Amino acid sequence: MVETDILVKRFLRYVSFDTQSDEENDTVCPSTPGQLVFARALADELRQIGMQEVTLDDNGYVMATLPANGATGPVVGFISHVDTSPEASGKDVRPLLVRDYDGKDILLNEDRKIVFSTAMFPEVLQYVGQDILFTRGRTLLGADDKAGVTAIVSAMEYLLRHEEIPHGKVRVAFTPDEEVGRGAALFDVEKFGARFAYTVDGGELGGLEYENFNAANPVVVFHGRNVHTGSAKGKMKNALSLAAEWQQLLPAGEKPEYTEGREGFFHVYKMNGNVERCTLHMLVRDHDRCRFGERKALLQHMADFFNRKYGAGTVELALRDVYYNMLEKIEDGHQDVVKLAQSAMNAVGVTPRVEPIRGGTDGAQLSFRGLPCPNLFTGGANFHGIYEYLPVPSLVKACETIVEIVKQAPSLP
(Lines give C-alpha, C1' and ligand atoms only; values in the text may rest on other atoms or scores of the structure.)
Protein backbone atom coordinates (compact mmCIF):
# COMPACT_ATOMS: atom_id res chain seq x y z
CA MET A 1 0.00 0.00 0.00
CA VAL A 2 2.49 2.63 1.16
CA GLU A 3 5.58 2.93 -1.04
CA THR A 4 8.65 1.84 0.91
CA ASP A 5 11.08 3.97 -1.07
CA ILE A 6 9.11 7.13 -0.26
CA LEU A 7 9.23 6.33 3.45
CA VAL A 8 12.96 5.59 3.47
CA LYS A 9 13.87 8.71 1.49
CA ARG A 10 11.73 10.86 3.76
CA PHE A 11 13.28 9.35 6.89
CA LEU A 12 16.81 9.84 5.57
CA ARG A 13 16.02 13.46 4.80
CA TYR A 14 14.60 14.05 8.26
CA VAL A 15 17.54 12.57 10.15
CA SER A 16 19.91 14.87 8.26
CA PHE A 17 18.60 17.68 10.48
CA ASP A 18 20.48 18.05 13.77
CA THR A 19 17.68 18.45 16.31
CA GLN A 20 19.11 17.34 19.64
CA SER A 21 17.35 19.06 22.52
CA ASP A 22 19.24 20.60 25.46
CA GLU A 23 18.01 19.95 29.00
CA GLU A 24 20.26 22.66 30.40
CA ASN A 25 18.55 25.34 28.30
CA ASP A 26 15.14 25.69 29.89
CA THR A 27 14.71 29.40 29.24
CA VAL A 28 13.60 29.17 25.60
CA CYS A 29 11.54 26.77 23.49
CA PRO A 30 12.73 25.05 21.47
CA SER A 31 15.91 24.54 23.46
CA THR A 32 18.08 24.29 20.34
CA PRO A 33 17.88 26.24 17.04
CA GLY A 34 18.10 23.09 14.92
CA GLN A 35 14.64 22.04 16.02
CA LEU A 36 13.14 25.21 14.64
CA VAL A 37 15.01 24.75 11.35
CA PHE A 38 13.47 21.29 10.98
CA ALA A 39 10.03 22.54 12.07
CA ARG A 40 10.07 25.18 9.32
CA ALA A 41 11.02 22.59 6.72
CA LEU A 42 8.31 20.28 8.00
CA ALA A 43 5.64 23.00 7.84
CA ASP A 44 6.65 23.77 4.25
CA GLU A 45 6.45 20.09 3.32
CA LEU A 46 2.99 19.73 4.86
CA ARG A 47 1.77 22.63 2.71
CA GLN A 48 3.36 21.11 -0.38
CA ILE A 49 1.61 17.76 0.02
CA GLY A 50 -1.75 19.50 0.42
CA MET A 51 -2.39 19.70 4.17
CA GLN A 52 -4.57 22.58 5.32
CA GLU A 53 -4.38 25.00 8.27
CA VAL A 54 -0.63 24.52 8.61
CA THR A 55 0.75 26.58 11.48
CA LEU A 56 4.16 26.99 13.07
CA ASP A 57 4.39 29.05 16.25
CA ASP A 58 7.41 30.79 17.72
CA ASN A 59 8.07 27.83 20.05
CA GLY A 60 8.43 25.33 17.22
CA TYR A 61 5.04 23.58 17.43
CA VAL A 62 3.74 22.55 14.00
CA MET A 63 0.06 21.73 13.46
CA ALA A 64 -1.91 20.86 10.33
CA THR A 65 -5.28 19.53 9.18
CA LEU A 66 -6.35 16.78 6.82
CA PRO A 67 -9.94 17.87 6.01
CA ALA A 68 -12.79 15.37 6.21
CA ASN A 69 -13.48 13.50 3.01
CA GLY A 70 -16.95 12.04 2.78
CA ALA A 71 -17.23 10.82 6.37
CA THR A 72 -18.14 12.24 9.74
CA GLY A 73 -16.94 11.27 13.15
CA PRO A 74 -14.63 12.40 15.93
CA VAL A 75 -11.54 14.40 15.08
CA VAL A 76 -8.51 12.13 15.55
CA GLY A 77 -4.98 13.43 16.05
CA PHE A 78 -1.45 12.12 15.59
CA ILE A 79 1.58 13.59 17.35
CA SER A 80 5.35 13.09 17.10
CA HIS A 81 8.33 15.06 18.32
CA VAL A 82 11.03 16.64 16.19
CA ASP A 83 13.89 16.57 18.71
CA THR A 84 16.33 13.75 19.32
CA SER A 85 17.95 12.71 22.57
CA PRO A 86 20.89 14.70 23.96
CA GLU A 87 22.42 11.42 25.17
CA ALA A 88 24.21 10.80 21.86
CA SER A 89 25.19 13.00 18.95
CA GLY A 90 22.53 13.76 16.35
CA LYS A 91 24.85 15.70 14.05
CA ASP A 92 25.79 14.39 10.61
CA VAL A 93 23.63 11.28 10.93
CA ARG A 94 24.40 8.97 8.01
CA PRO A 95 22.40 5.76 8.39
CA LEU A 96 23.70 2.41 7.22
CA LEU A 97 21.05 0.57 5.19
CA VAL A 98 21.59 -3.19 5.41
CA ARG A 99 19.64 -5.01 2.71
CA ASP A 100 18.16 -8.45 3.40
CA TYR A 101 19.77 -8.70 6.87
CA ASP A 102 21.42 -12.12 7.30
CA GLY A 103 21.39 -12.34 11.09
CA LYS A 104 25.12 -11.77 11.57
CA ASP A 105 26.99 -9.11 13.51
CA ILE A 106 27.24 -5.75 11.74
CA LEU A 107 30.44 -3.71 11.60
CA LEU A 108 29.12 -0.21 12.15
CA ASN A 109 32.41 1.63 12.26
CA GLU A 110 35.67 0.15 11.08
CA ASP A 111 37.88 2.95 12.41
CA ARG A 112 36.56 2.56 15.95
CA LYS A 113 35.89 -1.19 15.66
CA ILE A 114 32.29 -0.69 16.75
CA VAL A 115 30.22 -3.80 16.12
CA PHE A 116 26.49 -4.34 16.41
CA SER A 117 26.49 -7.69 18.21
CA THR A 118 23.60 -10.13 18.00
CA ALA A 119 24.77 -11.59 21.31
CA MET A 120 24.19 -8.20 22.93
CA PHE A 121 21.02 -7.40 20.97
CA PRO A 122 19.39 -10.74 20.07
CA GLU A 123 16.03 -9.05 19.41
CA VAL A 124 17.30 -8.02 15.98
CA LEU A 125 17.20 -11.66 14.85
CA GLN A 126 13.43 -11.47 14.45
CA TYR A 127 14.06 -9.19 11.48
CA VAL A 128 16.32 -11.52 9.48
CA GLY A 129 15.61 -11.13 5.78
CA GLN A 130 14.44 -7.54 6.12
CA ASP A 131 16.06 -4.24 5.18
CA ILE A 132 17.24 -2.51 8.36
CA LEU A 133 18.61 0.97 8.98
CA PHE A 134 21.52 1.06 11.47
CA THR A 135 23.83 3.84 12.62
CA ARG A 136 27.48 4.09 11.61
CA GLY A 137 28.65 3.97 15.22
CA ARG A 138 29.16 7.70 15.74
CA THR A 139 25.67 9.06 16.23
CA LEU A 140 22.21 7.93 17.16
CA LEU A 141 19.89 7.10 14.26
CA GLY A 142 17.06 9.46 15.14
CA ALA A 143 14.19 6.99 14.76
CA ASP A 144 13.06 8.40 18.11
CA ASP A 145 11.12 10.17 16.85
CA LYS A 146 11.78 10.96 13.21
CA ALA A 147 10.39 7.55 12.36
CA GLY A 148 7.14 8.75 13.93
CA VAL A 149 7.26 12.01 11.98
CA THR A 150 7.93 10.03 8.80
CA ALA A 151 5.02 7.68 9.41
CA ILE A 152 2.55 10.50 10.09
CA VAL A 153 3.53 12.69 7.14
CA SER A 154 3.60 9.71 4.78
CA ALA A 155 0.17 8.55 5.96
CA MET A 156 -1.28 12.02 5.37
CA GLU A 157 0.28 12.15 1.92
CA TYR A 158 -1.18 8.74 1.08
CA LEU A 159 -4.67 9.79 2.14
CA LEU A 160 -4.40 13.03 0.15
CA ARG A 161 -3.46 11.04 -2.95
CA HIS A 162 -6.28 8.55 -2.42
CA GLU A 163 -9.37 10.70 -2.25
CA GLU A 164 -11.54 7.63 -2.75
CA ILE A 165 -10.92 6.70 0.90
CA PRO A 166 -13.60 8.36 3.06
CA HIS A 167 -12.42 9.72 6.40
CA GLY A 168 -13.19 12.34 8.98
CA LYS A 169 -11.11 15.35 9.96
CA VAL A 170 -7.56 14.59 11.11
CA ARG A 171 -5.17 16.83 12.99
CA VAL A 172 -1.41 16.29 13.19
CA ALA A 173 1.16 17.99 15.41
CA PHE A 174 4.92 17.93 15.80
CA THR A 175 6.43 19.09 19.07
CA PRO A 176 9.88 20.22 20.29
CA ASP A 177 11.83 19.23 23.39
CA GLU A 178 10.06 15.96 24.19
CA GLU A 179 13.34 14.29 25.08
CA VAL A 180 13.94 16.77 27.90
CA GLY A 181 10.40 16.43 29.30
CA ARG A 182 9.01 19.71 27.96
CA GLY A 183 7.36 18.60 24.71
CA ALA A 184 3.78 19.10 25.87
CA ALA A 185 4.44 22.14 28.05
CA LEU A 186 3.27 24.70 25.48
CA PHE A 187 1.03 22.40 23.43
CA ASP A 188 -2.29 24.15 22.74
CA VAL A 189 -4.84 21.37 23.27
CA GLU A 190 -7.80 23.63 22.45
CA LYS A 191 -6.23 24.79 19.20
CA PHE A 192 -5.39 21.22 18.24
CA GLY A 193 -9.08 20.41 18.52
CA ALA A 194 -9.01 16.59 18.49
CA ARG A 195 -11.27 14.41 20.65
CA PHE A 196 -8.40 11.95 21.07
CA ALA A 197 -4.95 11.43 19.62
CA TYR A 198 -2.03 9.03 19.40
CA THR A 199 1.61 9.81 19.90
CA VAL A 200 3.58 7.88 17.30
CA ASP A 201 6.63 7.55 19.50
CA GLY A 202 6.88 3.89 20.47
CA GLY A 203 9.36 1.14 19.78
CA GLU A 204 9.22 -2.16 17.99
CA LEU A 205 6.50 -3.53 15.72
CA GLY A 206 3.05 -3.81 17.29
CA GLY A 207 3.69 -1.74 20.38
CA LEU A 208 0.58 -0.10 21.85
CA GLU A 209 1.10 1.67 25.13
CA TYR A 210 -1.21 3.53 27.46
CA GLU A 211 0.53 2.89 30.77
CA ASN A 212 3.72 4.74 31.56
CA PHE A 213 5.93 5.79 34.44
CA ASN A 214 5.17 8.56 36.87
CA ALA A 215 8.29 10.66 36.47
CA ALA A 216 10.36 13.18 38.36
CA ASN A 217 13.74 14.61 37.40
CA PRO A 218 15.45 15.71 40.64
CA VAL A 219 18.55 17.88 40.66
CA VAL A 220 20.82 17.56 43.70
CA VAL A 221 23.48 20.17 44.45
CA PHE A 222 26.27 19.38 46.95
CA HIS A 223 28.13 22.28 48.52
CA GLY A 224 31.65 21.48 49.66
CA ARG A 225 34.58 23.37 51.14
CA ASN A 226 37.88 23.47 49.31
CA VAL A 227 41.08 23.74 51.30
CA HIS A 228 44.64 23.15 50.09
CA THR A 229 45.33 19.43 50.34
CA GLY A 230 48.38 20.07 52.46
CA SER A 231 46.27 21.44 55.32
CA ALA A 232 42.87 19.89 54.52
CA LYS A 233 42.51 17.56 57.51
CA GLY A 234 39.35 18.33 59.44
CA LYS A 235 38.52 21.25 57.14
CA MET A 236 37.90 20.05 53.58
CA LYS A 237 34.41 18.94 52.57
CA ASN A 238 34.62 17.33 49.13
CA ALA A 239 31.39 17.80 47.17
CA LEU A 240 32.41 14.99 44.79
CA SER A 241 32.71 12.58 47.72
CA LEU A 242 29.32 13.66 48.99
CA ALA A 243 27.79 12.93 45.59
CA ALA A 244 29.40 9.49 45.55
CA GLU A 245 28.04 8.80 49.04
CA TRP A 246 24.57 9.85 47.87
CA GLN A 247 24.75 7.39 44.98
CA GLN A 248 25.78 4.58 47.32
CA LEU A 249 22.84 5.27 49.66
CA LEU A 250 20.29 4.72 46.88
CA PRO A 251 18.64 1.27 47.00
CA ALA A 252 21.16 -0.99 45.28
CA GLY A 253 18.77 -3.10 43.21
CA GLU A 254 16.46 -0.26 42.19
CA LYS A 255 18.38 1.05 39.21
CA PRO A 256 17.53 0.76 35.50
CA GLU A 257 20.09 -1.96 34.89
CA TYR A 258 18.40 -4.20 37.47
CA THR A 259 14.70 -3.55 36.78
CA GLU A 260 12.08 -4.38 34.18
CA GLY A 261 8.32 -4.33 33.55
CA ARG A 262 6.54 -2.22 36.14
CA GLU A 263 9.52 -2.06 38.51
CA GLY A 264 10.50 1.50 39.31
CA PHE A 265 13.99 2.90 39.78
CA PHE A 266 16.35 5.68 40.78
CA HIS A 267 18.87 6.67 38.12
CA VAL A 268 21.83 9.04 38.38
CA TYR A 269 22.61 9.91 34.78
CA LYS A 270 24.85 12.95 34.96
CA MET A 271 27.26 14.46 37.47
CA ASN A 272 29.57 17.44 37.13
CA GLY A 273 31.49 19.68 39.45
CA ASN A 274 34.51 19.89 41.71
CA VAL A 275 35.43 19.87 45.40
CA GLU A 276 33.55 23.10 46.04
CA ARG A 277 30.29 22.29 44.24
CA CYS A 278 28.88 19.23 42.51
CA THR A 279 25.56 18.88 40.67
CA LEU A 280 23.91 15.52 40.21
CA HIS A 281 20.99 14.87 37.81
CA MET A 282 18.57 12.04 38.49
CA LEU A 283 15.51 10.24 37.18
CA VAL A 284 12.89 8.85 39.56
CA ARG A 285 10.37 6.51 37.94
CA ASP A 286 7.49 4.29 39.10
CA HIS A 287 4.22 3.14 37.54
CA ASP A 288 2.44 3.25 40.91
CA ARG A 289 1.62 6.79 42.07
CA CYS A 290 1.92 5.86 45.78
CA ARG A 291 5.35 4.26 45.37
CA PHE A 292 6.36 7.22 43.24
CA GLY A 293 5.61 9.50 46.17
CA GLU A 294 7.56 7.23 48.51
CA ARG A 295 10.61 7.42 46.23
CA LYS A 296 10.58 11.22 46.28
CA ALA A 297 10.12 11.17 50.06
CA LEU A 298 13.21 8.96 50.39
CA LEU A 299 15.30 11.51 48.51
CA GLN A 300 14.07 14.25 50.82
CA HIS A 301 14.99 12.13 53.84
CA MET A 302 18.46 11.62 52.36
CA ALA A 303 18.89 15.35 51.83
CA ASP A 304 17.85 16.02 55.44
CA PHE A 305 20.29 13.36 56.66
CA PHE A 306 23.20 14.92 54.74
CA ASN A 307 22.37 18.36 56.08
CA ARG A 308 22.37 17.02 59.64
CA LYS A 309 25.57 15.05 59.12
CA TYR A 310 27.61 17.65 57.23
CA GLY A 311 25.95 20.92 58.17
CA ALA A 312 22.92 22.91 57.09
CA GLY A 313 22.96 23.88 53.42
CA THR A 314 25.26 21.07 52.35
CA VAL A 315 22.64 19.58 50.05
CA GLU A 316 19.99 21.32 47.97
CA LEU A 317 17.33 19.04 46.49
CA ALA A 318 15.03 20.28 43.72
CA LEU A 319 12.21 17.85 42.94
CA ARG A 320 10.36 18.39 39.67
CA ASP A 321 7.54 16.14 38.49
CA VAL A 322 7.59 15.70 34.71
CA TYR A 323 4.60 13.50 33.90
CA TYR A 324 2.22 10.95 35.39
CA ASN A 325 0.88 7.55 34.39
CA MET A 326 -1.74 8.06 31.67
CA LEU A 327 -3.39 4.74 32.58
CA GLU A 328 -5.68 6.40 35.11
CA LYS A 329 -6.98 8.73 32.38
CA ILE A 330 -7.33 6.12 29.61
CA GLU A 331 -9.17 3.75 31.95
CA ASP A 332 -11.58 6.54 32.78
CA GLY A 333 -13.87 6.10 29.77
CA HIS A 334 -11.39 6.06 26.90
CA GLN A 335 -10.82 2.37 26.18
CA ASP A 336 -12.48 2.89 22.78
CA VAL A 337 -9.36 4.75 21.70
CA VAL A 338 -7.24 1.72 22.56
CA LYS A 339 -9.63 -0.68 20.84
CA LEU A 340 -9.54 1.44 17.68
CA ALA A 341 -5.74 1.16 17.53
CA GLN A 342 -5.90 -2.60 18.13
CA SER A 343 -8.47 -3.01 15.36
CA ALA A 344 -6.37 -0.96 12.94
CA MET A 345 -3.24 -2.99 13.67
CA ASN A 346 -5.08 -6.26 13.14
CA ALA A 347 -6.45 -4.95 9.84
CA VAL A 348 -2.94 -4.34 8.47
CA GLY A 349 -1.55 -7.64 9.72
CA VAL A 350 0.15 -6.46 12.90
CA THR A 351 -0.36 -8.21 16.23
CA PRO A 352 -0.84 -5.58 18.96
CA ARG A 353 1.52 -5.83 21.94
CA VAL A 354 0.06 -3.95 24.90
CA GLU A 355 2.86 -3.28 27.38
CA PRO A 356 3.66 -0.62 29.98
CA ILE A 357 6.15 1.99 28.80
CA ARG A 358 9.34 2.12 30.80
CA GLY A 359 9.46 5.79 29.94
CA GLY A 360 6.99 8.45 28.91
CA THR A 361 5.68 10.43 25.97
CA ASP A 362 4.06 13.77 25.31
CA GLY A 363 0.83 11.79 25.42
CA ALA A 364 1.15 11.24 29.16
CA GLN A 365 0.98 14.97 29.87
CA LEU A 366 -1.66 15.56 27.20
CA SER A 367 -3.89 12.83 28.63
CA PHE A 368 -3.96 14.72 31.92
CA ARG A 369 -4.90 17.89 30.02
CA GLY A 370 -7.99 16.36 28.48
CA LEU A 371 -6.60 14.79 25.30
CA PRO A 372 -6.55 10.97 25.65
CA CYS A 373 -3.36 9.96 23.93
CA PRO A 374 -2.05 6.35 23.80
CA ASN A 375 1.28 5.62 22.12
CA LEU A 376 1.83 3.72 18.85
CA PHE A 377 4.93 1.91 17.63
CA THR A 378 7.35 3.41 15.12
CA GLY A 379 9.36 0.22 14.59
CA GLY A 380 12.67 1.43 16.01
CA ALA A 381 14.79 -0.06 18.79
CA ASN A 382 17.78 0.76 21.02
CA PHE A 383 16.91 4.44 21.15
CA HIS A 384 19.24 7.17 22.45
CA GLY A 385 22.50 5.54 21.41
CA ILE A 386 24.78 4.39 18.65
CA TYR A 387 23.18 0.92 18.47
CA GLU A 388 19.77 2.26 17.45
CA TYR A 389 18.17 0.55 14.46
CA LEU A 390 14.96 0.63 12.41
CA PRO A 391 13.60 -2.30 10.38
CA VAL A 392 12.10 -0.75 7.25
CA PRO A 393 9.01 -3.04 7.09
CA SER A 394 8.13 -2.01 10.65
CA LEU A 395 8.17 1.66 9.62
CA VAL A 396 5.88 0.78 6.73
CA LYS A 397 3.45 -0.92 9.11
CA ALA A 398 3.48 2.11 11.42
CA CYS A 399 2.38 4.25 8.47
CA GLU A 400 -0.28 1.74 7.43
CA THR A 401 -1.62 1.60 11.00
CA ILE A 402 -2.14 5.37 10.99
CA VAL A 403 -3.99 5.20 7.67
CA GLU A 404 -6.21 2.41 9.00
CA ILE A 405 -7.00 4.31 12.20
CA VAL A 406 -8.13 7.25 10.09
CA LYS A 407 -10.31 4.96 7.98
CA GLN A 408 -11.95 3.35 11.02
CA ALA A 409 -12.26 6.44 13.24
CA PRO A 410 -15.67 7.53 11.81
CA SER A 411 -17.17 4.36 13.34
CA LEU A 412 -16.66 5.81 16.84
CA PRO A 413 -19.43 7.90 18.38
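Residues numbered from 1 in each chain as written. Predicted model: local features only at pLDDT ≥ 70, side-chain atom pairs only at ≥ 80, totals over all residues. Heavy atoms only, no water.

### Details of the nonpolar core
Note the following rule: Residues belong to one nonpolar core when they are buried, are Ala, Val, Leu, Ile, Met, Phe, Trp, Tyr or Cys, and are joined through side-chain atoms within 4.5 Å. For every residue, the accessible area (1.4 Å probe, protein chains only) is compared with the maximum for its type, and the residue is labelled buried under 20%, exposed over 50%, or partly exposed between those bounds. Put simply, DSSP marks the helices as runs of H or I at least four residues long and the strands as runs of E at least two long, and each gets a number from the N terminus on.
Counting 74 residues, the largest nonpolar core has F78, M156, F174 and Y198 as the members making the most contacts within it. With 10 residues, helix α3 (residues 143-161) is the largest single contributor of residues to this core. In terms of nonpolar packing, the next biggest core, distinct from the first, is built from 19 residues, A239, C278, V284 and A303 among them.

### As for the sheet that holds strand β1 (residues 52-56)
Convention followed: Should DSSP find at least two bridges between two strands, the strands are regarded as paired. By definition, residues are in contact when any of their heavy atoms lie within 4.5 Å. The angle between two axes is taken between their N-to-C directions and runs from 0 to 180 degrees, where each axis is a line fitted to C-alpha atoms and a helix contributes only its stretch in contact.
Spatial strand order, β1-β2-β8-β3-β9-β18-β10-β17: eight strands in an open sheet with mixed pairing. Edge positions in the sheet fall to β1 and β17 (353-354), since each of these pairs with one other strand and no more. Strand direction decides the pairing type here: strand β10 (residues 207-209) and β17, joined by two bridges, are parallel. If you follow L208 over to β17, its bridge partner there is V354. Sitting on the sheet, helix α10 (residues 392-408) is in contact with β3 (76-81), β8 (170-175), β9 (196-200) and β18 (375-376), with an inclination near 160 degrees to β3.

### Quick look at the packing of helix α8 (residues 335-347) against α10
What counts here: For classification purposes, an angle smaller than 35 degrees is called roughly parallel, one larger than 145 roughly antiparallel, one from 65 to 115 roughly perpendicular, and anything else oblique. In this scheme the crossing of two helices becomes right-handed for a clockwise turn of the near helix relative to the far one and left-handed for an anticlockwise turn of less than a right angle. For this classification, the nonpolar set comprises Ala, Val, Leu, Ile, Met, Phe, Trp, Tyr, Cys and Pro, the charged set comprises Asp, Glu, Lys and Arg, and every other residue, Gly included, is treated as polar.
Contact pair α8 / α10: the axes reach a minimum separation of 8 Å and the direction vectors enclose 120 degrees. Accordingly, the angle class assigned to the pair α8 and α10 is oblique. Crossing handedness for the pair α8 and α10: right-handed. Each of L340, A341, S343, A344, M345 and A347 in α8 lies in contact with α10, whose residues at this interface are T401, E404, I405 and Q408. Along the lines of polarity and charge, the residues of the contact of α8 with α10 split into six nonpolar, three polar and one charged.

### A closer look at the pairing of β1
Pairing of β1 with strand β2 (residues 62-66), which is carried by three bridges, proceeds in the antiparallel orientation. Residue pairing for β2: T55 is matched across the bridge by M63.

### Things to note about the sheet that holds strand β4 (residues 96-98)
Paired through their backbone hydrogen bonds, the strands of a sheet run either parallel or antiparallel. Spatially, the three strands line up as an open sheet ordered β4-β7-β19, and their pairing is antiparallel. Each of the sheet's edge strands pairs with one partner strand only, and the pair in question is β4 and β19 (389-391). Across the sheet, the axes of successive neighbouring strands diverge by a mean angle of 20 degrees, strand direction being ignored. As defined by bridge partners, β4 adjoins strand β7 (residues 132-134) across three bridges and the pair is classed as antiparallel.

### Brief notes about the environment of A344
Locating A344 in the fold gives a position in helix α8. Spatially, the C-alpha atoms of A344 and E400 are 8.7 Å apart, while their sequence positions differ by 56 residues. If we skip the residues at most four places from it in the chain, A344 touches T401, E404, I405 and Q408.

### Focus: α8
One full turn of an α-helix is made of 3.6 residues, so residues set three or four places apart face in the same direction. Worth spelling out the cut-off: For a helix, the expected span equals 1.5 Å multiplied by the number of residues minus one. Read the arc as the range of directions from the helix axis to the C-beta atoms.
If you check α8, its first and last C-alpha atoms are 18 Å apart, about what 13 residues at 1.5 Å a residue would give, namely 18 Å. For α8, every residue scored as buried is listed here: V337, V338, L340, A341, A344 and M345. All buried residues of α8 project into a common sector of 160 degrees when viewed along the axis, lining one side. Facing away from the buried side of α8 by over 90 degrees, the exposed positions are K339 and N346. Where α8 ends, the next residue or the one after it, G349, has phi of about 85 degrees, a positive value.

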